[in-house]
Amino acid sequence: MLEVRLSSASDHAALAALFEEMQAHYDVPCPPREKILEGLASMPTGTEILVATQREIVGFAAITPVYPG
């Protein structure tokens, strides 16, 4: 069963690996794992990452609310 939830700090290692796979798939440069983990730990306030899981993370989406102006 697929579960979608907000990510937590315990997901950062799995997310970093998934980000690396994504960058490789699109054949674009990827920062070192350490930089990815730093970025995940210091996301701007209000930014969230949703993760889709089936025993492990199988997908993600970054979201941030945009206040209508």
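In the block above lies the structure referred to throughout.
About the cut-offs
Residues numbered from 1 in each chain as written. Predicted model: local features only at pLDDT ≥ 70, side-chain atom pairs only at ≥ 80, totals over all residues. Heavy atoms only, no water. Pairing = 2+ DSSP bridges. Helix = DSSP H or I, 4+ residues; strand = E, 2+ residues; numbered from the N terminus. Axes fitted to C-alpha atoms, helices over the stretch in contact; angles between N-to-C directions. Contact = heavy atoms within 4.5 Å. Parallel < 35°, antiparallel > 145°, perpendicular 65-115°, else oblique. Left-handed = near helix turned anticlockwise from the far one by under 90°. Nonpolar A, V, L, I, M, F, W, Y, C, P; charged D, E, K, R; others polar.

**Q** Provide a residue-level description of the pairing of strand 3 (residues 57–63), including the pertinent values.
**A** Side chains on a regular strand alternate between the two faces of the sheet. Pairing of strand 2 (residues 48–53) with strand 3 involves 6 bridges; the strand directions are antiparallel. Each bridged residue has a counterpart across the sheet, and for Ala52 the counterpart in strand 3 is Gly59. Counted between consecutive antiparallel strands, the loop separating strand 2 from strand 3 contains 3 residues, among which Arg55 sits at a positive phi close to 75 degrees.

**Q** Could you give an account of the sheet that holds strand 2, naming the residues involved and the relevant values?
**A** Pairing is antiparallel in the open sheet, where 3 strands are placed in the order 1-2-3. For this open sheet the edge positions go to strand 1 (3–6) and strand 3, each flanked by a neighbour on one side alone. Looking at each pair of strands side by side, their axes are set apart by 20 degrees on average, direction ignored. Lying over the sheet, helix 1 (residues 12–25) contacts strand 2 and strand 3, oriented at roughly 85 degrees with respect to strand 3.

**Q** Can you lay out the packing of helix 1 against helix 2 (residues 33–41) for me, pointing to particular residues and giving the numbers?
**A** With their axes 10 Å apart at the nearest point, helix 1 and helix 2 run at an angle of 125 degrees to one another. In terms of orientation, helix 1 and helix 2 fall into the oblique class. Helix-helix and strand crossings are classified by hand; for helix 1 and helix 2 the assignment is right-handed. Note on element contacts: helix 2 touches helix 1 through Arg33, Ile36, Leu37, Leu40 and Ala41, opposite His12, Ala13, Leu15, Ala16, Ala17, Phe19 and Glu20. Among the residues forming the contact of helix 1 with helix 2, the class breakdown is 9 nonpolar, 1 polar and 2 charged.

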